[in-house]
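Architecture and fold: a report
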Amino acid sequence: MIWALAAIILAVIVLMASNPSKVPWLNKMRRLQTGSAMIDWMAPDGVVNKVKTDYLVAMEWMQSSPVMPFPHHWRSAPDYLSGAFLCRYQQVLIRQRSERDRLFYGVLRADHDVNIQGFSADGGRCWLIDHQSGRRIATYKCDTHERIMTQDMGDGAVVMQMRYDGEHHRWKIEALVQELPTGWDRRRKLSLSPEHTPLPRPLGRDS
């Protein structure tokens, strides 16, 4: 009986250790008093910095990707994007490829000041606010990639949902949560309303 119980306990431990959805920093997260169950946790500083770095790398890829050959563009998208965001991105790629008379494409550029709003209880998702200053859209010719014009878009901010991919050890853009209204940073309390996929409800963790 004792040996059978020990075998069961060992099996449970092995199963938990092999669970790819459990992030290494789960036990190092701290509880926040945000009033929102979706972003009520904060991960260690190293994880936060990794989110920021991976997000900025993804934004650089999105800026350079329009000049890539379609096969390379398609294959590399899942390296930086996931979930609903990846699906929408690939839908746009397919539509653009079918537009044989497409003459121009646009690239959005900006200076990014990024901060993390909070993590889900399982530590695998977070909300990121990207303060974008000096936003401009450069328009290029599809055949020669010659820049035709640049339009000033003003400053703005967006909230992105990031998801950690344990297989690739990288945070990826999973969804656009919302664009923030002008003057949002002067409000005492920021109310976020997901426009797309919400973060999962926290289960099995207490303060």
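Residues numbered from 1 in each chain as written. Predicted model: local features only at pLDDT ≥ 70, side-chain atom pairs only at ≥ 80, totals over all residues. Heavy atoms only, no water.

Within the chain one finds four helices and six strands. Counting from the amino terminus, the chain carries its helices and strands in the arrangement α-β-β-α-α-α-β-β-β-β. A total of 207 residues make up the chain; the buried ones form 35% of that total. When contacts within the chain are restricted to residue pairs at least 6 apart in sequence, long-range pairs at least 24 apart make up 57% of them. Accessible area for the chain stands at about 13100 Å²; split by element, carbon and sulfur atoms hold 54% of it. (Helix = DSSP H or I, 4+ residues; strand = E, 2+ residues; numbered from the N terminus. Buried < 20%, exposed > 50% of the residue type's maximum accessible area, 1.4 Å probe, protein only. Contact = heavy atoms within 4.5 Å. Areas by Shrake-Rupley, 256 points an atom, 1.4 Å probe, with all protein chains shown as cover.)

Where strand β3 (residues 104-119) meets strand β4 (residues 125-141), 14 bridges bridge the pair, whose relative direction is antiparallel. In the sheet register, G106 faces β4, and the bridge partner there is T139. Linking β3 back to β4 in an antiparallel pair, the connection comprises five residues, with G123 at a positive phi of about 75°. With 14 bridges connecting them, β4 and strand β5 (residues 147-165) associate as antiparallel partners. Looking at the pairing, Q132 lines up with G156 of β5. (Pairing = 2+ DSSP bridges.)

Moving on to the nonpolar core. Y55, F119, W171 and I173 are the most contacted members of the largest nonpolar core, which totals 35 residues. Counting only elements with at least two residues in this core, the list comes to β2 (41-42), α2 (45-64), α4 (83-98), β3, β4, β5 and β6 (170-179). Per-element tally for this core: the top contributor is α2, with seven residues. Leave out the neighbours within four places in its chain, and I173 touches Y55, A58, M59, M62, Y80, L81, S82, F85, M160, Q161 and M162. Residues W127, I129, V177 and L180 belong to the second largest nonpolar core, which totals six residues. (Core = buried A, V, L, I, M, F, W, Y, C linked by side-chain atoms within 4.5 Å.)

Let's shift gears to a nonpolar patch on the surface. On the surface, L103, F104, I148 and M149 cluster together to form a nonpolar patch covering roughly 400 Å² of accessible area. Judged by relative accessible area, F104 falls into the partly exposed class, the value being 43%. (Patch = residues over 30% accessible without salt bridge, like charges linked within 9 Å, V, L, I, M, F, W, Y side chains within 5 Å. Salt bridge = Lys/Arg side-chain N within 4 Å of Asp/Glu carboxyl O.)

For the rest of this paragraph, the subject is α4. Given a rise of 1.5 Å per residue, 16 residues ought to cover 22 Å, and the 23 Å separating the end C-alpha atoms of α4 matches this to within 8%. When we look at burial in α4, the residues that qualify are F85, L86, Y89, Q90 and L93. Mapping the buried residues of α4 onto a view down its axis gives an arc of 125°, with all of them on the same face. Exposed residues on α4 whose side chains face more than 90 degrees from its buried face are Q91 and S98. Summarising the contacts, the buried residues of α4 are in contact with α2, α3 (70-76), β5 and β6. (Expected span 1.5 Å × (residues − 1). Arc of directions from axis to C-beta.)

Turning our eyes to something else, we now look at the pairing of β5. Where β4 folds back on β5, the antiparallel hairpin that results is connected by five residues, among which H145 adopts a positive phi of roughly 60°. The pairing of β5 with β6 spans eight bridges and is antiparallel. The residue bridging R163 from the neighbouring strand is K172, located in β6.

So, about the confidence of the model for the chain. Scored by pLDDT, the chain comes out at a mean of 79, with 74% of its residues at no less than 70. Predicted confidence in the chain is weakest over helix α1 (residues 2-17), with a mean pLDDT of 38, and strongest over α2, with 95. Every residue in residues 1-20 scores below 50 in pLDDT, and together they form one contact with partners more than four places removed in sequence or on other chains. Taken together, the stretch residues 193-207 has pLDDT below 50 and engages in 36 contacts with residues farther than four places along the chain or on a different chain. (pLDDT = per-residue confidence, 0-100.)

What follows is about the packing of aromatic side chains. For the coordinates displayed, the defined rule picks out seven aromatic pairs. A centroid spacing of 4.9 Å and a plane angle of 75° characterise the contact between W25 and Y164, whose relative ring orientation is edge-to-face. Note that W25 is positioned in the loop between α1 and β1 (30-31) and Y164 in strand β5, a separation of 139 residues in sequence. Exposure class is identical for W25 and Y164. Each is buried. Arranged with centres 5.3 Å apart and planes meeting at 55°, the rings of Y164 and W171 form a pair that is tilted. A single burial state applies to Y164 and to W171, both of which are buried. Feature note: the residues W25, F119, Y164 and W171 constitute an aromatic cluster, connected by ring pairs. In this arrangement the basic side chain of R97 is found over the ring face of F70, its NZ or CZ atom lying 4.1 Å from the centre. In this arrangement the basic side chain of R170 is found over the ring face of Y80, its NZ or CZ atom lying 4.9 Å from the centre. (Phe/Tyr/Trp six-rings, centres within 6.5 Å; stacked < 30°, edge-to-face > 60°. Lys NZ or Arg CZ within 6 Å of the ring centre and 35° of its normal.)

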